[in-house]
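Structure assessment
Residues per chain, in single letters:
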Number of protein chains: 2
Amino acid sequence: MLKRWQRLVKSLHNKKFRYQEGLFLVEGEKSVVELLTPETNVQGIEVEALFYTPKFAQEYVKYLASFQKKVAYSEVVTQEILQSVGTLQTNDSILAVAHLPQNLPFDRADEMVLALADIRDPGNLGTIIRIADWYGINKMICSETTTDFYSPKVISASMGSFLRVRPYYCQLDNYLRENFSDSVYGAFLDGKNIYEEDFKAHGIIVIGNESNGISDEIAQYISHRITIPRFGKAESLNAAIATAIICDNWKRHILFHKSYQDRKR
Amino acid sequence: MLKRWQRLVKSLHNKKFRYQEGLFLVEGEKSVVELLTPETNVQGIEVEALFYTPKFAQEYVKYLASFQKKVAYSEVVTQEILQSVGTLQTNDSILAVAHLPQNLPFDRADEMVLALADIRDPGNLGTIIRIADWYGINKMICSETTTDFYSPKVISASMGSFLRVRPYYCQLDNYLRENFSDSVYGAFLDGKNIYEEDFKAHGIIVIGNESNGISDEIAQYISHRITIPRFGKAESLNAAIATAIICDNWKRHILFHKSYQDRKR
């Protein structure tokens, strides 16, 4: 592996260089294979370079030529080199350098989107991306204080779901003011029980900070204050866990509501 | 801090020494304060020693005498010492050495319990303990391959919920064979939609391994194969996320079923 590439890959551990170069790292067999497969890489994220071990070449021998056609540069490297330039502790077999999608606002009409108001932990963000993908949510508005979507830890924790969920980083309070919606959901201790909430199919689910929840600044744009009912004594739930439970209750409600409407016809 | 104590505290990072000494570590202000408060320490876990910074002593000046009465030994130490003997990277202010509860089987009649079949990641286990506590589940049967409940990472991630949830480590397949129940729930890809499952109030929810799910060995004792419906493209959900969604659907079902039964009367 050329020193130039080694320096580049290592520099992409760092947010500043990711945005300077317009590139980010994708590590791990599952994520990289999904990145190189059009059916799973639905946004069409482009790949600049691939570095893989002889073991990977052997296992994917049938696909290697088609993978290589998709990238500007590829090289077989030792597992030691791969580990020294990447961020994973485990025995990884492939690493891709991919092009950062542009940070453009998206049209969010007619669907549900997540808004992340200050999620700081990369593991939490990655898990939230995976949950969004599971529940068919493909857009995520992120406050500028939310940890970087394209950091290697987030990409790894998302287990390939970063390919189906698009972030848009902006000043979240401005965004919510300018994109008025009467279906903005946010969890608070004094909200309405989510089991009884008449969720709409379209709108925004706001997820607050891990320690402090949703700030007052953002809270003024929440039209529906909701609460996950508690049956025991834990003081709170982790932000990703709360996201999953809210998304599940939302989808479940839409499903039952739709089947109820269908029966009425 | 005496060298003897420093050595003991450091040794408790390690599972072997925790079980040899019959002691474990509780770190972090929230967890230790809950441990020292009878209302939150519902199992009555006993505390051997406390080490805290002058800052903690100042903040909890009103409670310090009552805290000290509960322990055999206590000492004010510098933040540097605390950090050097503990496992937390953050600026911690207190650490407790507590007595390991005995590993005794519990009577699980008339309630729902979790069974952890090979949960390996301490962060996941801690999060699952917190979820159990939120949903009022207080007992957890753990396979012997499940990571140690009393490891410092698990205790920290449980955010105090380790005080309300009791584990029992055993050979899980033997346990399930000997404690027959016709309400043993486990998630599989081909199970029944959890939105339509007629959950019972009492029984066992089995949570499988992070990568491989529930093994064939354990699967034979599952009476109800369930599935979390998927609406998007993520391949799977994290084990703790799946636990939360199953527990939420279970409690929700019991609640609505009960209110339906009450209305019928």
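What counts and what doesn't
- Residues numbered from 1 in each chain as written.
- Chains lettered and ligands numbered in written order.
- Predicted model: local features only at pLDDT ≥ 70, side-chain atom pairs only at ≥ 80, totals over all residues.
- Heavy atoms only, no water.
- Helix = DSSP H or I, 4+ residues; strand = E, 2+ residues; numbered from the N terminus.
- Rg over C-alpha atoms; globule rule 2.2 N^0.38 Å.
- Buried < 20%, exposed > 50% of the residue type's maximum accessible area, 1.4 Å probe, protein only.
- Areas by Shrake-Rupley, 256 points an atom, 1.4 Å probe, with all protein chains shown as cover.
- Pairing = 2+ DSSP bridges.
- Axes fitted to C-alpha atoms, helices over the stretch in contact; angles between N-to-C directions.
- Contact = heavy atoms within 4.5 Å.
- Buried area = accessible area lost by both parts, 1.4 Å probe.
- Salt bridge = Lys/Arg side-chain N within 4 Å of Asp/Glu carboxyl O.
- Polar contact = N/O pair within 3.5 Å; in protein donor to acceptor, adjacent residues only side chain to side chain.
- Least-squares fit on C-alpha atoms with pLDDT ≥ 70 in both.
- UniProt positions renumbered as here; feature names shortened; annotations may be inferred.

Side note on the overall build of chain A
Looking only at helices and strands, chain A features 11 helices and 10 strands. For chain A, whose C-alpha radius of gyration is 20 Å, the value lies close to the compact-globule estimate of 18 Å for 265 residues. Dimensions along the principal axes, computed over C-alpha positions, put chain A at roughly 60 × 40 × 40 Å. Of all 265 residues assigned to chain A, the portion counted as buried reaches 54%. Of the roughly 12,300 Å² of accessible surface on chain A, 50% is carried by carbon and sulfur atoms.

Points about the sheet that holds strand E3 (residues 71–76) of chain A
Residue and element names in this part refer to chain A. Spatial ordering of the open sheet is given by E1-E4-E2-E3, a layout of four strands whose pairing is mixed. Each end of this open sheet is capped by a strand with a single partner; those strands are strand E1 (23–27) and E3. Shown here is a sheet whose adjacent strand axes are inclined to one another by a mean of 15°, direction ignored. Strand direction decides the pairing type here: E1 and strand E4 (residues 94–99), joined by five bridges, are antiparallel. Across the sheet, the residue bridging to Leu23 is His99, located in E4.

As for the interface of chain B and chain A
By a frequent convention, interface size equals the accessible area lost on bringing the separate parts together. In this assembly, 36 residues from chain B lie in contact with 36 residues from chain A. Here chain B meets chain A over a buried area of about 3,400 Å², counting both sides, of which 61% is carbon and sulfur. Looking only at chain B, the three residues that lose the most surface to chain A are B:Trp134, B:Tyr195 and B:Arg252, adding up to 24% of its buried area. Our count for the contact surface shared by chain B and chain A stands at two salt bridges. Among the ionic pairs, A:Lys30 bridges to B:Glu235, the shortest N-O distance being 3.5 Å. Linking chain B with chain A are 20 residue pairs in polar contact (both at pLDDT 80 or more).

Quick notes on the pattern of salt bridges
For the structure on display, the rule yields 20 salt bridges over all chains. With a shortest N-O distance of 3.6 Å, A:Lys55 and A:Glu59 are connected by a salt bridge. Taken together, the residues span about one helical turn, with A:Lys55 and A:Glu59 both in helix H4 (residues 54–59) at a distance of four residues. A relative accessible area of 51% means that A:Lys55 is categorised as exposed. A cluster of three or more residues bridged by salt bridges with shared partners is formed by A:Lys30, A:Glu34, A:Asp133, A:Arg164 and B:Glu235.

Topic: the relation of the copies chain B and chain A
Each copy superposes on the other: chain B lies on chain A with an RMSD of 0.0 Å after a rotation of 180° and an axial shift of 0.0 Å. What the superposition gives is, in effect, a two-fold axis relating one chain to the other. The residues that chain B uses at the interface reappear at the interface of chain A in 100% of cases, marking a shared surface.

Focus on the sheet that holds strand E5 (residues 112–116) of chain A
All names here are of chain A. Strand order in the open sheet formed by six strands is E7-E6-E5-E9-E8-E10, with parallel pairing between adjacent strands. Of all strands in the sheet, those bounded by a partner on one side alone are strand E7 (166–170) and strand E10 (224–227). For this sheet the average axis-to-axis angle between neighbouring strands, irrespective of direction, equals 35°. Strand direction decides the pairing type here: E5 and strand E9 (residues 203–207), joined by five bridges, are parallel. Each residue of the ladder has a partner; that of Val113, found in E9, is Ile204. Along the sheet face, helix H11 (residues 239–264) touches E5, strand E8 (184–193), E9 and E10 and points at about 155° away from the line of E9.

Focus on the environment of B:Gly186
Residue and element names in this part refer to chain B. Along the polypeptide, Gly186 turns up in strand E8 (residues 184–193). The exposure class assigned to Gly186 is buried, which follows from its relative accessible area of 1%. Once the C-alpha coordinates of Gly186 and Ile214 are considered, the two residues, 28 residues apart in sequence, prove to be 7.6 Å apart. Once residues lying within four places of it in the same chain are set aside, the contact partners of Gly186 are Val206, Ile214, Ile222, His224, Arg225 and Ile226.

Topic: the UniProt feature "domain: tRNA/rRNA methyltransferase SpoU type" (unreviewed entry) in chain A
The UniProt feature table records "domain: tRNA/rRNA methyltransferase SpoU type" (unreviewed entry) at residues 112–247 of chain A. Helix makes up 29% of residues 112–247 of chain A and strand 25%. Its end C-alpha atoms lie 10 Å apart.

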